Every structure is written in C-alpha cells, then in structure tokens.
Amino acid sequence: MRVLIFLVMTIGSMEAQDFSDYLWDHHSKYQESSLSHRRFKHKDLIPLIEKLPVNNFRVKQAGKSYLGKPIYAITVGNGPITVLLWSQMHGNEATATMALFDIFNYLQESELPEVQQLLSSLTLTFVPMLNPDGADLFQRRTVQGIDMNRDALKLNCPESTILKALRDSIQADWGFNLHDQNIYYNVGQTAKPATISFLAPAFNVAKDVNELRADAMKLIAVMDQALQKIVPGQVGKYDDTFEPRAFGDNMQKWGTRTILIESGGLADDPEKQIIRRLNFVSIIQALQAIASSSYANYDLQSYWDIPMNSNNLNDLLIRKVTVPGQGGKDYQVDIAIRRQEYDKKGSAPLSYKGTIEDLGDLSTQYGYQEIDGQGLEYAPGKVCQQHAGDFNALDSSKLMEVMKQGYTYVSVEQQHQQQPSLPFDLVRPDYHPLTAPKIEHPATFLLLDEGAVKYAIINGFIYDVEDSEPILGNGWSYK
Ligand SMILES: [Zn+2]
C-alpha cells in the first residue's frame, strides 16, 4: 500500500513538473504585450478588459474607487469551486496584474484539456488592480492615504468594501492575495533574493492551523515545487504574525483558503518581467492543483521547509573599503547601498536615488552586485564647475574620462531650469561632499587604488573608470 501511494504521488508530481515546464516555455505566447512595465495606468487596462470574449468572460463593474474609477470583477468558468484573485490592492505593486492578463489569454485556449478542466471545475473571479487611484499615482496607499491592507475590518475605503462584498457574494473557497514585496528580501541566510514569497496567513494570534489554512499551505507547496526548478533557492516564506486588520488574515478567518503571493526582486529584472512569468506559472499551476485536488497529496512540512524571508540584500555592497581617518586613524568598513526607485513620468524609465543604507561589519549582508574593496581607499568626488548642459553632448567614454579625473558632481546654478539626464549628481556650486561615508547620505564617492580613481560611485551606481561601454544610471539633483 505504501509503495502504491508513493507511486501515485510520484506520478502526480512528475505531471505537475511537466505542466509547469509547459507554462514557463510557452509564456510568451500568452503574454499581454501591451503591458511591458510596472507603471501602466487604469486606463491602459480598460481596452484589455473590453476585448475579453463575452462568450466565456463575464465582466462586471464591482464598484468604483474613491475617485470614481470602475473596479472590475472578471469571472470565467462554471465549476463548483470558487476562487477569488485580486491584485494591486497596493497601487505600486503591479507585477501580478500583468500576469493576470497573461492568464486571461491562456484561459482562451479552450482546446487545451488543462483549460477545459480548470473552467469546468472552478469558477474564477479576478479583480486586477483593486486600487486604481493608487496605481495611477504609482503609490502603495489609496488616494485617501489609507493602507487597504489594514482596512479589512473598518472598510473605510470603497475599494475595501468592494473586496469584502465580492468575497461574501462568491463565498470564495480560495483566495489569492497578490502583492509585490521589498526587493531587498533574501531567502533565509543566503545571498539569493526572495524572488517570490508565499504565506498562508494566520487567522488568529495563536497561528493555529485548521483544515482551511492547511489546504492553503499544501497549495503553496505545489507552487514552491514548480518554482524551485526555475529559480532554485529563490522562494521565501513571509512572516505569519497575525495582523487583525489585514485582508489575507481576515479572508482566512472568514473561511476562504488564502494564499499571499509576494513578487520580490531578481537581478537584472527591474521591470519584473521574469517575475511576472513566474506568477503566470505558479498561479496556473495552483489553479490546476485545486481543480484536480492534487494539492491534497502535498504535506505541510514542505510548506514549513520554505525558508523565511530576511531583509539583508542591497543593490550594491562594497566590502572592506579603507576610510582615511583624521590623524592617521584609518579604518575599514563595508558599505551597503540601496537605490530607491522613483516614477518620474509614465512609461519613461524609472529613476533611482542611491543612499548609503548601512556601514561597518556587513558580513551578514549581501548585494545584487558585490565589489571587493580591499586595498581601495574612500575619497569624496569633485564638483565640476562646467554647465551641466555641456555634458549632454558627451558620449559615454568621454563621461568616463570625466569620472576618471574624480568628478562625480556637476554644479548647477539656481536659474538652470532644464535638468539634463546625466550619470552625475547635480549640486549647487558651493556643495561640500562628505569626507567619510555616512548612513542615510547620498551614495556618491570615489574608490582610489594607489591614489588613482578606480571606481566612481554616483547615486548608488558603480562605474569602473576603465570600462569603455558602461551602463549609465541616473544622477540625482541636490541643488
Ligand atoms: Zn502589498
């Protein structure tokens, strides 16, 4: 008997792996090409929703945002098991919304037996972009300034009321709470980013595991298995401390088996297009496992074995830099730098502001990019007094020559309106750079090798001054 059960489970999981391979390999076929970055707006989704074929998608306006923008509930399938999926409760957490539109395209492949099984077993209701006012401002909170994920009980936001009413009317058996998390989360004690993190939220302070929460945990084990093959070691588990005001925790309490999916960071994926693909794979894989009940074959230990998220990653970590101290008191530090992203306008590339996050012995910290600073000496950059506009005409190799001479700042007069997009920080002519690194200060300085500039770090981006084809980041204006 034991052998038989083992055999059945092995076959089941092999099929699951083949299916996730198929989804990963064929994602481009289903990818909604009009969504190519994370700052799309509510108005960008309307035509995509309107073009969904009415023979299988039932689109209804579930209500309106505080500013009166329609919030849509899109239902597909006719099965007895009800599933509610909502994204962008936090307006600037857009990765899963892109994946949901890819899933809509996949669900139109009615000749695929997997799609047929999904739609006959499940009734799926999707709410892409639950917080359109926040999304249009690319901000986490609603336009009322409220964190919707602390509003599940008071329902002060119309968007919260909509979500609660949908859950109650559908009596959702399963819920997918789709978010983005800090890109600086790493998996356990490893240098790997938590590219996707999961949680089966607790429904009480004691963090009890009832049958519903256990089902959610087993489903997460299904998704973890699918992702481990694609991004090994890059799946984390979110903290399960009970938050009485959060939607996930309350959904679980109200009787919906709830799964939190958090899209984190991945090297060289600033627009999270690979992470979108991981969402596509893991969500469809999960729906398939619900439809076939195969999730029930997974054990809870697989969920508990997923390492916890830590918060020890940085964009850039430079180890063992020598800082010249006063009176010859030199000292050695590791320097951690994070670059906060800013949405300047619509679809233009994101801008970043680089800041020194931490300093000292950072042997427990990691970086997406790490540099060995042993033998290198910290030095402040110099302010170039030429007009910022003069630099616009320079190609990247000329810009590197300027850096090699030790310039990291360009002075700008007050009246200079037009800010050129340069890899240098813009400062007033009398700006005095710091003579030693300091936390929460701009990440702009030089690293010298035997007195000569080896690296220029400007606004958190590092440049090897001998690099003839550098990838240029943006500078920041401190004028
Ligand atoms: Zn969130």
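Please read these numbers as outputs of a predicted model, since none were measured by experiment.

*Asks:* In this structure, what is going on with the coordination of the zinc ion? I would like to understand it.
*Replies:* Angles between donor atoms at a metal ideally measure 109.5 degrees for a four-coordinate tetrahedral arrangement and either 90 or 180 degrees for a six-coordinate octahedral one. Around the zinc ion, the protein contributes the donor atoms His90 (ND1), Glu93 (OE), Glu93 (OE) and His179 (ND1), at 2.0 to 2.7 Å from the metal centre. For the zinc ion, the 4 donor atoms in the first shell make angles of 53 to 149° at the metal, so the coordination geometry reads as irregular. In the primary sequence, the donor residues of the zinc ion line up as H-x2-E-x85-H. Of this pair, His90 sits in the loop between β3 (81–87) and α4 (95–106) while His179 is found in strand β5 (residues 174–180), placing the two residues 89 residues apart along the sequence. Accessibility expressed as a relative area gives 2% for His179, which makes it buried.

*Asks:* It is not clear to me how a nonpolar patch on the surface should be interpreted in this structure. Could you clarify?
*Replies:* A cluster of nonpolar side chains, Tyr66, Leu67, Leu137 and Val143, forms an exposed patch at the surface whose accessible area comes to about 390 Å². Tracing the backbone through its elements, the reader meets Tyr66 in the loop between β1 (57–64) and β2 (70–76). Overall, the relative accessible area of 51% leaves Tyr66 in the exposed class.

*Asks:* What should I look at first to understand the sheet that holds strand β7 (residues 196–199) in this one?
*Replies:* Across a sheet, paired strands are connected by hydrogen bonds in the backbone, their directions being either parallel or antiparallel. Strands sit in the order β1-β2-β4-β3-β5-β9-β7-β8 across an open sheet of 8 strands; the sheet is mixed. At either end of the open sheet lies a strand with only one pairing partner, and these are β1 and β8 (235–237). The average angle at which neighbouring strand axes cross in this sheet is 20°, direction not considered. The pairing of β7 with β8 spans 3 bridges and is parallel. When the sheet's bridge partners are listed, Phe198 is paired in β8 with Lys237.

Reading the values: the criteria
Residues numbered from 1 in each chain as written. Predicted model: local features only at pLDDT ≥ 70, side-chain atom pairs only at ≥ 80, totals over all residues. Heavy atoms only, no water. Donors = N, O, S within 2.8 Å, 3.2 Å for Na, K, Ca; no water. Tetrahedral: all angles 85-135°; square planar, octahedral: opposite > 155°, others 65-115°. Helix = DSSP H or I, 4+ residues; strand = E, 2+ residues; numbered from the N terminus. Buried < 20%, exposed > 50% of the residue type's maximum accessible area, 1.4 Å probe, protein only. Patch = residues over 30% accessible without salt bridge, like charges linked within 9 Å, V, L, I, M, F, W, Y side chains within 5 Å. Areas by Shrake-Rupley, 256 points an atom, 1.4 Å probe, with all protein chains shown as cover. Salt bridge = Lys/Arg side-chain N within 4 Å of Asp/Glu carboxyl O. Pairing = 2+ DSSP bridges. Axes fitted to C-alpha atoms, helices over the stretch in contact; angles between N-to-C directions.

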